[in-house]
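Examination of the molecular architecture
What follows is each chain in one-letter form.
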Amino acid sequence: MSDHRTGRPRRWMTGQAANERDEPFTFVIDLHGVLRLAPRRSEHVACAGGDPVLSAGEITFSHEGGRWSVREIGNQSTGYCPAVTSWPAVAIALDHAGIPHPGAFTHPITFRHCPRCASSSIVKDDHFVCPTCDTPLPST
């Protein structure tokens, strides 16, 4: 896992195996606004050291012209279920690390907690129904 401040993301990415660099990475933005990365197979909660976060998800980088940039990014983390509105914290952390980004989640995900069975669910195609117990999920 890596905690990124200016300059460190480029060194960390370059140090990853070539086949790993093409895959998405797990990311979190900690409460200090620092971007932390870990291999995709890592859990977000482990990447954050069990601490609360400002955002979390998966991120894919591209390397062109000697520069790393964000190719795709989403807030998919069932450990933290971050809202799409967590994007500003992500943008600030990426800007601070000097990593160009698309300006919004390229794969935004809406999460809801079921009031009946308490499971966390990803809402797909605006279908606000718990896949575990068929209870309607809150729209907000």
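For the structure given in this document, a descriptive report is provided here. (Residues numbered from 1 in each chain as written. Predicted model: local features only at pLDDT ≥ 70, side-chain atom pairs only at ≥ 80, totals over all residues. Heavy atoms only, no water.)

Some words on the overall build of the protein
In terms of regular secondary structure, the protein is built from 4 helices and 7 strands. What you see in the protein, going N to C, is helices and strands ordered as β-α-α-β-β-α-β-β-α-β-β. Expected size for 140 residues packed as a compact globule is a radius of gyration near 14 Å; at 16 Å, the protein falls within 12% of this value. Referenced to the eigenvectors of the C-alpha coordinate spread, the extents of the protein come out at roughly 50 × 30 × 25 Å. Among the 140 residues that make up the protein, the fraction classed as buried is 43%. Pairs at least 24 apart in sequence give 49% of the contacts found in the protein among residues at least 6 apart. (Helix = DSSP H or I, 4+ residues; strand = E, 2+ residues; numbered from the N terminus. Rg over C-alpha atoms; globule rule 2.2 N^0.38 Å. Buried < 20%, exposed > 50% of the residue type's maximum accessible area, 1.4 Å probe, protein only. Contact = heavy atoms within 4.5 Å.)

Let's talk about the packing of aromatic side chains
Within this structure, the stated rule accounts for 2 aromatic pairs. Both rings, one in Phe25 and one in Phe61, keep their centres 6.2 Å apart while their planes meet at 55 degrees; by these two values the pair is tilted. With a gap of 36 residues between them, Phe25 in strand S2 (residues 25-30) and Phe61 in strand S4 (residues 53-64) connect regions that are remote in the sequence. Taking relative accessible area as the criterion, Phe25 reaches 1% and is therefore assigned buried. Taking the centre distance of 5.1 Å and the plane angle of 75 degrees together, the rings of Trp87 and Phe105 count as edge-to-face. With Trp87 in helix H4 (residues 87-96) and Phe105 in the loop between H4 and strand S6 (110-113), this residue pair connects regions lying 18 residues apart in the sequence. For the residue pair Trp87 and Phe105, the accessibility class agrees, reading buried in each case. (Phe/Tyr/Trp six-rings, centres within 6.5 Å; stacked < 30°, edge-to-face > 60°.)

Let's talk about unusual backbone geometry
Outside of glycine, negative phi angles account for most residues, and trans bonds account for most peptide bonds. Backbone geometry at Cys81 places phi at a positive 50 degrees, although glycine is not the residue there. Turning to its location among the elements, Cys81 is positioned in the loop between strand S5 (67-74) and H4. Even without being a glycine, Ala118 presents a positive backbone phi close to 70 degrees. Take Ala118: it is sitting in the loop between S6 and strand S7 (120-123).

Observations regarding the nonpolar core
Phe27, Ile59, Phe61, Ile73 and Leu94 are the most contacted members of the largest nonpolar core, which has 21 residues in total. Those elements that provide at least two residues to this core are helix H1 (8-14), S2, strand S3 (35-39), S4, S5 and H4. At 6 residues, H4 tops the list of elements feeding residues into this core. Every residue in contact with Ile73, bar those within four places of it in the chain, is listed here: Phe27, Glu58, Ile59, Trp87, Val90, Leu94, Pro102, Ala104, Phe105, Thr106 and His107. Membership of the second largest hydrophobic core comes to 6 residues, among which are Val28, Ala38, Val53 and Ala56. (Core = buried A, V, L, I, M, F, W, Y, C linked by side-chain atoms within 4.5 Å.)

Note that every value here comes from positions in space, so none of it alone points to a role or purpose.
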